[in-house]
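# A closer look at the structure
These are the residues of each chain, in order.
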Amino acid sequence: MAKQDKPGHVTRRGWSGTTVRAVATSAVVLLAVAACGSKPSDNAGSGNSKDPIVVGISLPLTGDFSQPGGEARKGYEIWRDQVNAAGGLLGRQVELKITDDASNQDTVVTDYTKLITQDNVDLLLGTFSTLLNFPASAVAEKNGMLYVEPAGGAPKMFDRGFKKLFFAQQATAQHQPDVFVDYIKGLPENERPKTAAYPTQDDPFTTPVIESMQKQLEDLGVQTVYTTTYPADATNFQTIASAIAAAKPDLIAQGAVFEDGVGLVRSLQQLNYSPKMLFQTSAPSNASQYSDGIGKANTEGVFYTVSWNEKATTPNNDTFVAEYAKRFDGGIPAEDAADAYAAAQVVQAAVEAVGSLDQDKLAEWLHGNKVETILGSLAWDETGAPTSDFLLAQWQKGAPEIVAPKDAATVTTVVSKTPWE
Amino acid sequence: MTQLVQALVLGLLIGGVYALMASGLTLIFGVMNIINVAHGALLILVAFITWKIWSLTGVDPILLAVVMTPLMFGFGWLLYKGVLSRISGSSPGMSVLLTFGIAITIEGVLNVTAGNKFRSATPSYFSESYRVLGISLPKAQVYGCLAAVLVLGLLYVVLARTWTGRAIRATAQNSSGAALVGIQASAVAALAFAIGTATTGVGGSILSVLYPFFPASHYDWISRLLGIIVLGGMGSLAGALIGALILGLAETLTATYGSLQWSTLIFYAVILVVLLFRPQGLFGSRLRQDVMA
């Protein structure tokens, strides 16, 4: 290996260029796979009925999904404290065992396997993103454990015939745009968009939403003038914006996670092309981070779909919002925190109804019953896919409002999009 | 035609900024054989500080580079003296481990102090463009690229025209030879590391305006920057510039004439082909060890 010129001292060029390049290239790979070790575990038994009920969770607390992962943790912890304050679950206190999977698929599998087989946890709760929930739910299913996930609505989650997987949001990805399409259907013929552009990130949660929307709108007679898919690490959107501006669509519907949503809007502003309607999947749900990114005045009229709203009058929502504000400097919960809280509510409802921790019975009960959560009423088909509708939200006067469906709406009017400032 | 020119111009503007970000990385490698995986994290650190100062005072973020650059120079010097000098002479693999640790530390500190949220500085011009003959030149991108060119030019002059620069280059070419003629290797190493880190002062300020970022964003940036310097030839400044321009053009041209989805693949395909024919990268020098290895 190293060529040494004098004993004990490796010269700077002592390492061959090939070795160095190999190391440099593998550094990239290392970054991708480097995972923080899982936390040391004390063996939490579950035998005694006086012992706390241990809920095992692995979350992306570091890495790419650290943002939703951190929010999910907040949601789970608020739920735990509220349940314990009210006397616990089945008269036992609830304890969360949360490990960090570093946004890594291999680690999440190891984590859940360890939680189930070594830590013998009593219940599981899901992790974040389809990427991580896909392998994690398979571990749970194989071990006969109920797996309620707060995120992970890609269609491929539900075509595996799993019996114990439940998605604790209103609808899967391909039904997410239904509420927006219904809104367009309700418009008078001459107010509907005639042309549309569909840029989307290559992400299991955005692509099915945008593909489904394109199909539904084409059936309505909206002509598609531009489509493109870009990778998750794309940072420069000027070229896409130029192409869209040249195609002059009435509607731009973007499958945007976050940075890409802000990036495209900024690039459209630089070209001074403002569509009549703008829809983005999840970027606009990031409250002030979104309005700071594109400028508050430019948010007016932007549509998006969302699973939860802070003003909703659903059970426990007010106490959840208040508790979150108390703990985090008056902050408004992120949607991800609310989704996690709702997933925990689903498990809680099942345990209370069944009266035991029998995983088969819990899953059986959830297949047959509705659960009231802070997201609203949730029910599932035999694959664990939910069967309700998302909320349609719109930015109005610098704040997000719910405009449809009617029973969840926070305002009665829908505004039209204003040109960029 | 306009479309092609637009894509080329944008590609070059983007590439200029990439080049600046990669220049410090390649310099540090060239002199010390340290693969500074923390380079991306340092960029994000600067972006956060710049964003914070901008949001509190309203001072132009790109202009703040004037403050951030000397700060990062000092930080780099301390980092080298305090931490990295301890592994001088070890394998590059060791430097990857150590700097990866630094990157995670910076990410963690930012998570706790700045919060795990997306930020982006939005000075008044962030959404405006210059228009020249039907070509649109986003102002932020133009200013960012100008600042990058300025710093790269300065770096070139320092390396090529000053005795300090000659000492740095001499150490990079042959450290034993440099030591023989009286160059103090450890001082030069600290200086080169400090200069390399100082470039993140400008790079990070520009990043804060051009791209939304959050603490874990550094993973995206470091892999992109490592790709650039492997293509250009590790340790070569000219290589970093050319590598960066190729990446910038690959992004805009594939997005214009194909789909952005392919741009990463095209860029790495270019790297693969170049390495097949020039294993040392475009501008990398072929060393005795390469032939013997």
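Owing to the predicted nature of the structure, the values given are computational and were not obtained by experimental measurement.

In this section: the overall build of chain A. A count of helical and extended segments in chain A gives 12 helices and 16 strands. Put simply, chain A has 421 residues, and 52% of those count as buried. Looking at chain A alone, contacts between residues at least 24 apart form 71% of all its contacts between residues at least 6 apart.

A few words on the nonpolar core. Counting residues in hydrophobic clusters, the biggest one holds 216 residues, and the most contacted among them are V55(A), Y341(A), V346(A), A22(B), A192(B) and I229(B). For this core, the element with the most residues is helix α1 (residues 2–32) of chain B, which contributes 16 residues. Split by domain, the residues of this core number at least three in each of domain 1 (53–172 + 313–378) and domain 2 (175–310 + 391–408) of chain A. Leaving out residues up to four positions away in the same chain, Y341(A) has contacts with G75(A), I78(A), W79(A), F320(A) and I374(A).

A few words now on the environment of P208(A). Residue and element names in this part refer to chain A. Here P208 is to be found in helix α6 (residues 207–219). Residues P208 and N236 lie 28 residues apart in sequence; the distance between their C-alpha atoms is 23 Å. What P208 contacts, discounting residues up to four positions off in sequence, is A154, P155, A173 and Q174.

Our next topic: the packing of helix α5 (residues 139–161) of chain B against helix α8 (residues 185–210) of chain B. Residue and element names in this part refer to chain B. The interhelical angle for the contact between α5 and α8, taken along N-to-C directions, is 175°, at an axis separation of 10 Å. Relative to α8, α5 is oriented roughly antiparallel. Facing α5, whose interface residues are A140, Q141, G144, A147, A148 and V151, α8 presents T199, V202, I206, V209 and L210. Among the residues forming the contact of α5 with α8, the class breakdown is 8 nonpolar, 3 polar and no charged.

Another point: α5(B). Residue and element names in this part refer to chain B. With 23 residues, α5 should cover 33 Å at 1.5 Å per step; its first-to-last C-alpha distance of 32 Å lies within 8% of that length. Those residues of α5 that sit buried are A140, Q141, G144, C145, A147, A148, V151, L152, L155 and L159. If you follow the buried residues of α5, they end up packed against α1, α3 (65–82), β2 (135–138), α6 (163–173), α8 and α10 (237–257).

Right, let's get into the sheet that holds strand β3 (residues 53–59) of chain A. One open sheet accounts for 3 strands, arranged β4-β3-β5 (chain A); its pairing is parallel. With partners counted over all chains shown, the strands left at the sheet margins are β4 (94–100) and β5 (123–124) of chain A, one partner each.

Moving on: the pairing of strand β8 (residues 195–201) of chain A. Residue and element names in this part refer to chain A. By the criterion of burial, β8 is predominantly enclosed, with 6 of the 7 residues buried. Relative to strand β9 (residues 223–230), β8 runs parallel, the two sharing 7 bridges. Along β9, the bridge assignment pairs A197 with Y226. In this fold, β8 hands off to α6, which returns the chain to β9; that crossover is right-handed. As paired elements, β8 and strand β10 (residues 251–254) share 2 bridges and run parallel to each other. Within the sheet, the bridge partner assigned to A196 lies in β10 and is L251.

The next subject is the confidence of the model for chain B. With 97% of its residues at a pLDDT of 70 or more, chain B shows a mean pLDDT of 88. As a predicted assembly, this complex carries a pTM of 0.77 together with an ipTM value of 0.77.

Before going further, it helps to spend a moment on the pairing of β10(A). Residue and element names in this part refer to chain A. With burial as the criterion, each face of β10 is covered, one bearing L251 and A253 and the other bearing I252 and Q254. Summarising the sheet, β10 and strand β11 (residues 277–280) pair through 4 bridges and their orientation is parallel. Residue Q254 lies in a different strand from β11, and its bridge partner there is Q280. For the crossover from β10 across helix α8 (residues 259–270) to β11, the handedness is right-handed.

Bringing the domain arrangement of chain A into the picture now. Residues and elements named next belong to chain A. The assigned domain composition of chain A is domain 1 (53–172 + 313–378) and domain 2 (175–310 + 391–408). Once you take the C-alpha centre of each, domain 1 and domain 2 turn out to be 29 Å apart. On the domain 2 side, the residues contacting the 18 residues of domain 1 number 12 residues. At the level of elements, α4 (130–142) and α11 (335–354) are the ones that each hand at least two residues to the side of domain 1 that touches domain 2. Element by element, the count of residues in the side of domain 1 that touches domain 2 is highest for α11, at 3 residues. Of the residues assigned to the side of domain 1 that touches domain 2, the class counts are 10 nonpolar, 6 polar and 2 charged.

Conventions used here
Residues numbered from 1 in each chain as written. Chains lettered and ligands numbered in written order. Predicted model: local features only at pLDDT ≥ 70, side-chain atom pairs only at ≥ 80, totals over all residues. Helix = DSSP H or I, 4+ residues; strand = E, 2+ residues; numbered from the N terminus. Buried ≥ 20, exposed ≤ 12 C-beta atoms within 10 Å, placed from the backbone. Contact = placed C-beta atoms within 7 Å. Core = buried A, V, L, I, M, F, W, Y, C linked by C-beta atoms within 7 Å. Domains from an automatic or database assignment. Axes fitted to C-alpha atoms, helices over the stretch in contact; angles between N-to-C directions. Parallel < 35°, antiparallel > 145°, perpendicular 65-115°, else oblique. Nonpolar A, V, L, I, M, F, W, Y, C, P; charged D, E, K, R; others polar. Expected span 1.5 Å × (residues − 1). Pairing = 2+ DSSP bridges. Right-handed = clockwise from strand over helix to strand, strands pointing away. pLDDT = per-residue confidence, 0-100.

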